[in-house]
Amino acid sequence: MQNDESDVLNQFQQGDAAAFETLFHQHQRAVYCWVLRITRNPAAAEDLTIETFWRIFNVHARFDPARGFEGWARRIATRATLDWLRSKKTENELSTEMLDEVAVPVEADPAVTAEIRLKTAMAFARLPPKLRIAATLAVIEEQSQKDVANALGISVAAVKLRVFRALRLLRKDLEKQGITP
Amino acid sequence: MNKDDQDRIKKLLQQAMPPVKGESEPRRDLWPAMLRRLNARPAAPAQIGWAWFDGALAFGLLGLAAFFPASIPLLLYYL
């Protein structure tokens, strides 16, 4: 089994299309889930999964089979998603999507009204994409800082810094709107 | 911003944007779309494109860091 996987990875690295198809079917769900966590948009997550594998296919020669496929794919997926976030017009386009996405959590705090939740989500959407991705993964999705660092290709210290800056900017934005967390 | 402030903002953010839990699946099989994408245009050779201003920017930043080491934390902050 281990040899089979290793063979597929080696064949993919050499540009074998069948090996790529095998890897696509094995990892598309994981890539989709990862992207969905960041975008919270199923249609965009599907498109970005395809974009990710397109990029993966194009750089197959750079793949190191010894380091495994999943982490490498996740890193490329994160980069593709970051590019997508940067290309969006953020607030105006995101606000309608986020209206749908701002669902009442299972254990909702009664002190936090729907309006505050919406304003918070919209303020979050206004953050710079690279800060937003770090905060989404580390704070909302509660991924380990090491995993976030690997996905973003930065150090754990840089992840902490980005999350700190994201939260600080979010607080400033909310305070301007009269919301004191 | 102290730790309590951070914790309050984190809680508010988690209330506003609940995590995407569970294992989600794409709503459709993505392989046909992947095939269309692959067939649409040949794969570009893997290479990194450097415009002249990329090099100039990198050179400028290296120079700044070399001559003004105090600027390194500021550069790292904006990375």
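Keep in mind it's a predicted model, so treat the numbers as computed, not measured. (Residues numbered from 1 in each chain as written. Chains lettered and ligands numbered in written order. Predicted model: local features only at pLDDT ≥ 70, side-chain atom pairs only at ≥ 80, totals over all residues.)

Visitor: Help me out: how do you make sense of the overall build of chain A in this one?
Guide: When you go through chain A residue by residue, the secondary structure sums to 9 helices and 0 strands. When the helices and strands of chain A are placed in sequence order, the string is α-α-α-α-α-α-α-α-α. The contacts of chain A with a sequence gap of at least 6 include a subset with a gap of at least 24, amounting to 66%. (Helix = DSSP H or I, 4+ residues; strand = E, 2+ residues; numbered from the N terminus. Contact = placed C-beta atoms within 7 Å.)

Visitor: I'm lost on the packing of helix α2 (residues 17–39) of chain A against helix α3 (residues 42–58) of chain A in this one. Help?
Guide: Describing two packed helices takes the angle between their axes plus the distance from one axis to the other. Residues and elements named next belong to chain A. Packing of α2 against α3 leaves a shortest axis separation of 8 Å and a crossing angle of 135°. As judged from the angle between their axes, α2 and α3 are oblique. As α2 packs across α3, the resulting crossing turns out to be right-handed. Contacts between α2 and α3 involve Phe20, Phe24, Gln28, Val31, Tyr32, Val35, Leu36 and Thr39 on the former and, on the latter, Pro42, Ala44, Ala45, Glu46, Leu48, Thr49, Thr52, Phe53 and Phe57. Counted by class, the contact of α2 with α3 contains 12 nonpolar, 4 polar and 1 charged residues. (Axes fitted to C-alpha atoms, helices over the stretch in contact; angles between N-to-C directions. Parallel < 35°, antiparallel > 145°, perpendicular 65-115°, else oblique. Left-handed = near helix turned anticlockwise from the far one by under 90°. Nonpolar A, V, L, I, M, F, W, Y, C, P; charged D, E, K, R; others polar.)

Visitor: Help me out: how do you make sense of the environment of A:Lys88 in this one?
Guide: Here A:Lys88 is to be found in the loop between α4 (70–87) and α5 (91–101). Sequence separation of A:Lys88 and A:Pro129 is 41 residues, and the distance between their C-alpha atoms is 9.7 Å.

Visitor: Explanation requested: the environment of A:Asn58 in the structure shown.
Guide: Residues and elements named next belong to chain A. Tracing the backbone shows Asn58 in helix α3. Overall, the presence of 16 C-beta atoms within 10 Å leaves Asn58 in the partly exposed class. Along the backbone, Asn58 and Arg132 are 74 residues apart, and their C-alpha atoms lie at a distance of 27 Å. (Buried ≥ 20, exposed ≤ 12 C-beta atoms within 10 Å, placed from the backbone.)

Visitor: I'm lost on the domain arrangement of chain A in this one. Help?
Guide: Often, the extent of an interface is quoted as the loss of accessible area upon association of its parts. All names here are of chain A. When its domains are assigned, chain A resolves into domain 1 (1–87) and domain 2 (89–181). Contact residues are listed per partner, giving 12 residues for domain 1 and 13 residues for domain 2. For the side of domain 1 that touches domain 2, the secondary structure elements donating two or more residues are α2 and α4. Top element by residues in the side of domain 1 that touches domain 2 is α4. It accounts for 8 residues. (Domains from an automatic or database assignment.)

Visitor: For this particular structure, what's the right way to read the interface of chain A and chain B?
Guide: In this complex, chain A contributes 40 residues to the contact, which on the side of chain B involves 30 residues. Secondary structure elements with two or more residues in the side of chain A that touches chain B: α2, α3, α6 (114–125), α7 (129–140) and α9 (156–176) of chain A. For the side of chain A that touches chain B, the per-class residue count stands at 24 nonpolar, 5 polar and 11 charged.

Visitor: I would appreciate a short explanation of α7(A) in the present structure.
Guide: All names here are of chain A. Burial analysis of α7 places 10 of its 12 residues in the buried class, which makes it a mostly covered element. Residues Leu131, Arg132, Ile133, Ala134, Ala135, Thr136, Leu137, Ala138, Val139 and Ile140 constitute the buried set of α7. Just past α7, the residue Glu142 takes up positive phi, approximately 55°.

Visitor: What am I meant to see in the packing of α7(A) against helix α8 (residues 145–152) of chain A here?
Guide: Residue and element names in this part refer to chain A. As a packed pair, α7 and α8 sit with axes 9 Å apart at the nearest point and diverge in direction by 150°. As summarised for this structure, α7 and α8 are arranged roughly antiparallel, according to the angle between their axes. When you trace α7 past α8, the crossing you get is right-handed. Every residue of α8 that contacts α7 at Ile133, Ala134, Leu137 and Ala138 is listed here: Gln145, Val148, Ala151 and Leu152. A class-by-class count of the residues in the contact of α7 with α8 yields 7 nonpolar, 1 polar and no charged.

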